[in-house]
Amino acid sequence: VQLQASGGGLVQAGGTQRLSCAASGSTFSSYKVAWFRQAPGKEREFVAAFVYNGGGTLYTNSVKGRFTISRDNAKNTVNLQMNSLKPEDTAVYFCARGRPPSGLWTDPEYWPVWGQGTQVTVSS
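If you're wondering where the values come from, they're calculated on a predicted model, not measured in any experiment.

1. Quick word on the sheet that holds strand β1 (residues 2-6)
Alright, step 1. Across the sheet, which stays open at both edges, the four strands sit in the order β1-β3-β8-β7 with antiparallel pairing between neighbours. Since the sheet does not close on itself, it has two edges, and those belong to β1 and β7 (67-72), each with one partner. Across the sheet, the axes of successive neighbouring strands diverge by a mean angle of 15°, strand direction being ignored.
Alright, step 2. Where β7 lies against strand β8 (residues 77-82), six bridges are found, and the strand directions are antiparallel. Bridge assignment links D72 to a residue of β8, and that residue is T77.

This is the structure in structure tokens:
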């Protein structure tokens, strides 16, 4: 399976951006799917994921109420709608697929399949 992340770019603070992650060679069904991000000089950070049966989601506190993860099964994509963007959201955003153990969803070590990343830059 390959994951392809897209949709990054330069946006002003307060703006919106929509990222998309497409899977080829396989599907997202029966897997958990997540978005992580990594800013220069920092560790990869969990952002959001589908982690619960029935489509339940998990968000890191800093993006709650601003970001929304969604999935389009017909297109085999998982999206990240980012609103009210802040300069501190600047990072390379990665999508990931896996079956991390319960409670370890935010640890990148438990996500074996990654997309190549897409840069999001938020200017102040």
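2. A look at the state of the cysteines
Alright, step 1. In this structure the tally under the stated criterion is one disulfide.
Alright, step 2. Between the sulfur atoms of C21 and its disulfide mate C95 the distance is 2.1 Å. Across the S-S bond of C21 and C95 the torsion is about 70°, and the bridge reads as right-handed. Separated by 74 residues along the polypeptide, C21 in strand β3 (residues 17-24) and C95 in strand β9 (residues 91-98) bring together distant segments of the chain.
Alright, step 3. Residue class for C95 comes out buried when judged on its relative accessible area of 0%.

3. A closer look at the pattern of salt bridges
Alright, step 1. All chains considered together, the criterion is met by three salt bridges.
Alright, step 2. Its salt-bridge partner being E45, residue R37 comes within 2.8 Å of it at the nearest N-O pair.
Alright, step 3. Looking at R37, the relative accessible area reads 6%, which means it is buried.
Alright, step 4. The partner of R37 in a salt bridge is D89, with the nearest N and O atoms 2.9 Å apart. Of this pair, R37 sits in strand β4 (residues 32-38) while D89 sits in the loop between β8 and β9, and the two are 52 residues apart along the sequence.
Alright, step 5. By relative accessible area, which is 1% here, D89 ends up buried.

Calculation notes
Residues numbered from 1 in each chain as written. Predicted model: local features only at pLDDT ≥ 70, side-chain atom pairs only at ≥ 80, totals over all residues. Heavy atoms only, no water. Pairing = 2+ DSSP bridges. Helix = DSSP H or I, 4+ residues; strand = E, 2+ residues; numbered from the N terminus. Axes fitted to C-alpha atoms, helices over the stretch in contact; angles between N-to-C directions. Disulfide = S-S within 2.5 Å. Buried < 20%, exposed > 50% of the residue type's maximum accessible area, 1.4 Å probe, protein only. Salt bridge = Lys/Arg side-chain N within 4 Å of Asp/Glu carboxyl O.

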